[in-house]
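A closer look at the structure
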Amino acid sequence: MTNSIPEIEDADCVFVIGSNTTEAHPLVAYRVFRALRKGAKLIVVDPRKTQLAQLAHIHVRIRFGTDVAFLNGMIHAIVKNNWQNREFIEARTEGFEDLEKMTQKYSPEEASEICGVPTDAIREVARLYATSKTSTILYTLGITEHSHGVDNVKSLANLAMLTGHIGKPSSGVNPLRGQNNVQGACDMGALPNVYPGYQIVTNPDIMAKFEKAWGISLSQDVGRTIPDMMDGLIDGSIKGMYIFGENSVESDPNIHHVRRALTSAEFLVVQEIFLTQTAQLAHVVLPGASWGEVEGTFSNTERKVQRVRKAVEPPGQARPNWVILSEIGRRMGLKMDYSSAEDVFEEIRSLTPSFAGITYDRLHDEEIQWPCPSVDHPGTQFLHKGQFTRGRGLFHAIAYRPSEELPDAEFPFILTTGRRYAHYHTRTMTVRCPSLEREFPGPMAQIHVRDAEKLGLNDGDSIKVASRRGEIVTPVKIGDTVPEGAIFMDFHFQEANPNWLLGTSLDPVSKTPDYKVCPVRLEKHPTDGL
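Note that this is a predicted model, so its numbers are computed, not measured.

Across its full length, the protein carries 20 helices and 21 strands. Computed over C-alpha atoms, the radius of gyration of the protein comes to 24 Å, within 12% of the 24 Å expected from 2.2 N^0.38 for 530 residues, which places it in the range of a compact globule. When its C-alpha atoms are laid out on the principal axes, the protein stretches across 65 × 60 × 45 Å. Here the protein, with 530 residues, has 52% of them falling under the buried criterion.

What follows is the structure, encoded as structure tokens:
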């Protein structure tokens, strides 16, 4: 996040887009509720009528996959009505003229034709966001998990820079991370194009620094993304894979493709705390330790580095994950002679400028958000104060692109996927909690009441959901949570996992799969024997 979570409650306008915050990020939702009690205006942009949407002053029920058109319509309205922050644009940005020219094609009327939002609503959302003293944007996977997810994020950045709602308290463009320590994993270089601290792998000086520290030669080439790796296993360009803490067989789209890839591997290693469906395909399973069995740090969604302390010993042959990785590294000839998790962190500090001032001693008493370049630095509560990392913020003139797969006569419904409040991801952990299992014991898709009437469905009936990749059967809940022509499914349950149905459409830049727009066909299914 560019800003801190507590600052949300002091915003005058909270703009939530592509986020079912109350179910997926309840602690953040609590801050939103506090903001509402203080008088903030809440805008929720979501095709589904979520709990948060029902509390919103304005619920924008956008068509699936049309975020760029809607945001361009907002930008058009802001510029036409002179609601933009001219001083901020002139002092801190570049490329505004290109953005202005592009968005002239997206009047509220023209944007409405694409996104299905009434023109008056587009104008009112634009006015409310732009003219509020402080406005903050919250988004998550409903923005990024599209075949045009990067365009979506850049459009949000355009909106924030246009209005000057960034680089100050209770503002910014704030991604809510999908799971624990995703932020920390990215911070530590678990991406194909960066070393720890987002230091670019193609920079010769940065590469030389890491080569000297690690005593090895490094490649200056950008690595492969996960979809590329899966394709590589199938075509033989990749022979082996090491999966650490990821149940790819159930969480990745197009499970047929994923299973084919992993079973094509000449050598598959999975490091896990439970024997998942993915681990069952492995040639070797390495038993890692869970969060309560290790020392170390996590970085949360607001860039706060937090100490993790061991509560119990790992069971059986399980070991802390850094111990396993270090031992493998040493056997491969790498210099990884750490005696503690703190030793690892000290190396991180020495090589990562944004972490240089963070120490275990400081974390004992302080809450520190990176960047923290020195031990006397307090940390950074919000980013981009005064200037952006690149100097001037760059506007991107982005045209709307439809999703890669769209409904047609054969597959007329849109399948969209997400999480439910009682379970997490593929239930690897929550399935072991009896109270959560009782709360949400099985899959339950959502469809609109009018679609249910056309299909002859009652609440709890089962339907067959078919796409170009396959079909599954699931019970349904009827209501108006999803719009007509759509079905929402969670991916918590193996027996009705929509990832069997999803394709391999990817964002061309991030290579993120599209989990939010998949054409499907629905048919009533007999319940006997289910």
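Bringing the domain arrangement of the protein into the picture now. If you check the domain split of the protein, you get domain 1 (5-176), domain 2 (182-223 + 288-369) and domain 3 (413-525). For domain 1 and domain 3, the distance between their C-alpha centroids amounts to 27 Å. Note on domain 1 versus domain 3: buried area summed over both sides is about 1700 Å², and carbon and sulfur give 56% of it. It is Arg48, Phe64 and Glu145 that lose the most area in domain 1 upon contact with domain 3, and together they represent 39% of the buried surface on that side. Across the domain 1-domain 3 interface, the total number found is 3 salt bridges. Where domain 1 packs against domain 3, one counts 11 residue pairs in polar contact (both at pLDDT 80 or more).

Viewed as axis vectors pointing N to C, helix 4 (residues 67-80) and helix 7 (residues 108-115) meet at an angle of 165°, and their least axial separation amounts to 9 Å. In terms of orientation, helix 4 and helix 7 fall into the roughly antiparallel class. With respect to the hand of their crossing, helix 4 and helix 7 are arranged in left-handed fashion. Mapping the contact onto sequence places Ala69, Phe70, Gly73, His76 and Ala77 in helix 4 and Pro108, Ala111, Ile114 and Cys115 in helix 7. Broken down by class, the residue content of the contact of helix 4 with helix 7 amounts to 7 nonpolar, 2 polar and no charged.

This part takes up the packing of aromatic side chains. One pair of aromatic rings is described through two measures. These are the centre distance and the angle between the planes. In this structure the tally under the stated criterion is 12 aromatic pairs. Among the aromatic residues, those joined into a ring-pair cluster are Tyr198, Phe345, Phe355, Tyr360 and Trp370. Over the ring of phenylalanine 488 we find arginine 48, and its NZ or CZ is 3.7 Å from the ring centre. Taking the ring centre of phenylalanine 274 as reference, the NZ or CZ of arginine 432 above it sits at 3.7 Å.

This part is about the nonpolar core. Residues Phe15, Phe70 and Met74 are the most contacted members of the largest nonpolar core, which totals 40 residues. Sort the elements by how many residues they give to this core and helix 4 lands first, with 7 residues. Ignoring any residue separated from it by four or fewer positions in sequence, one finds methionine 74 in contact with Phe15, Ile122, Val125, Ala126, Tyr129 and Leu159. Listed in part, the 19 residues of the second largest apolar core include Ala445, Ile463, Val476 and Leu502.

Here the focus is the layout of surface pockets. Considering only enclosed or pocket space, the second largest pocket measures out at about 350 Å³ in volume. Considering the residues around the second largest pocket, the lining is formed by 13 residues, among which Tyr242, Val284, Leu286, Ile324 and Ile328 are closest to the centre. Secondary structure elements with two or more residues in the lining of the second largest pocket: strand 9 (240-244), strand 10 (267-272), strand 11 (284-287) and helix 16 (321-331). Among the elements that make up the lining of the second largest pocket, the one with the highest residue count is helix 16 (4 residues). When its residues are assigned to classes, the lining of the second largest pocket shows 9 nonpolar, 1 polar and 3 charged.

A cis amide bond links tryptophan 370 with the next residue in sequence, proline 371, at an omega value of 0°. Considering the arrangement of structural elements, one finds proline 371 in the loop between strand 14 (368-369) and strand 15 (393-394). For lysine 511, which is not a glycine, the phi torsion comes out positive at approximately 65°. Positionally, lysine 511 belongs in the loop between strand 20 (486-490) and strand 21 (518-525).

Moving on to the pairing of strand 19 (residues 471-479). Relative to strand 19, strand 17 (residues 445-448) runs parallel, the two sharing 4 bridges. Directly across from glutamine 446, in strand 19, lies its bridge partner lysine 477. For strand 18 (residues 462-466) and strand 19, the ladder comprises 5 bridges, and the chain directions are antiparallel. Paired with valine 465 across the bridge in strand 19 is isoleucine 472. Between the end of strand 18 and the start of strand 19, which pair antiparallel, lie 4 residues.

With that settled, the discussion passes to the sheet that holds strand 11. Ordered in space as 9-10-11, the 3 strands form an open sheet in which the pairing is parallel. Bordering the open sheet on either side are strand 9 and strand 11, each of which pairs with just one other strand. The sheet shows a mean angle of 15° between the axes of neighbouring strands, direction not considered. One ladder, built from 4 bridges, connects strand 10 with strand 11; its direction is parallel. Bridge pairing in strand 11 places valine 270 opposite valine 285.

Cut-off values and rules
Residues numbered from 1 in each chain as written. Predicted model: local features only at pLDDT ≥ 70, side-chain atom pairs only at ≥ 80, totals over all residues. Heavy atoms only, no water. Helix = DSSP H or I, 4+ residues; strand = E, 2+ residues; numbered from the N terminus. Rg over C-alpha atoms; globule rule 2.2 N^0.38 Å. Buried < 20%, exposed > 50% of the residue type's maximum accessible area, 1.4 Å probe, protein only. Domains from an automatic or database assignment. Buried area = accessible area lost by both parts, 1.4 Å probe. Salt bridge = Lys/Arg side-chain N within 4 Å of Asp/Glu carboxyl O. Polar contact = N/O pair within 3.5 Å; in protein donor to acceptor, adjacent residues only side chain to side chain. Axes fitted to C-alpha atoms, helices over the stretch in contact; angles between N-to-C directions. Parallel < 35°, antiparallel > 145°, perpendicular 65-115°, else oblique. Left-handed = near helix turned anticlockwise from the far one by under 90°. Contact = heavy atoms within 4.5 Å. Nonpolar A, V, L, I, M, F, W, Y, C, P; charged D, E, K, R; others polar. Phe/Tyr/Trp six-rings, centres within 6.5 Å; stacked < 30°, edge-to-face > 60°. Lys NZ or Arg CZ within 6 Å of the ring centre and 35° of its normal. Core = buried A, V, L, I, M, F, W, Y, C linked by side-chain atoms within 4.5 Å. 1 Å grid on protein atoms, 1.4 Å probe; cavity = no way out; pocket = protein on both sides within 12 Å on 5 of 7 lines; lining within 4 Å. Points joined across faces, edges and corners; volume = space filled by probe spheres on them. Pairing = 2+ DSSP bridges.

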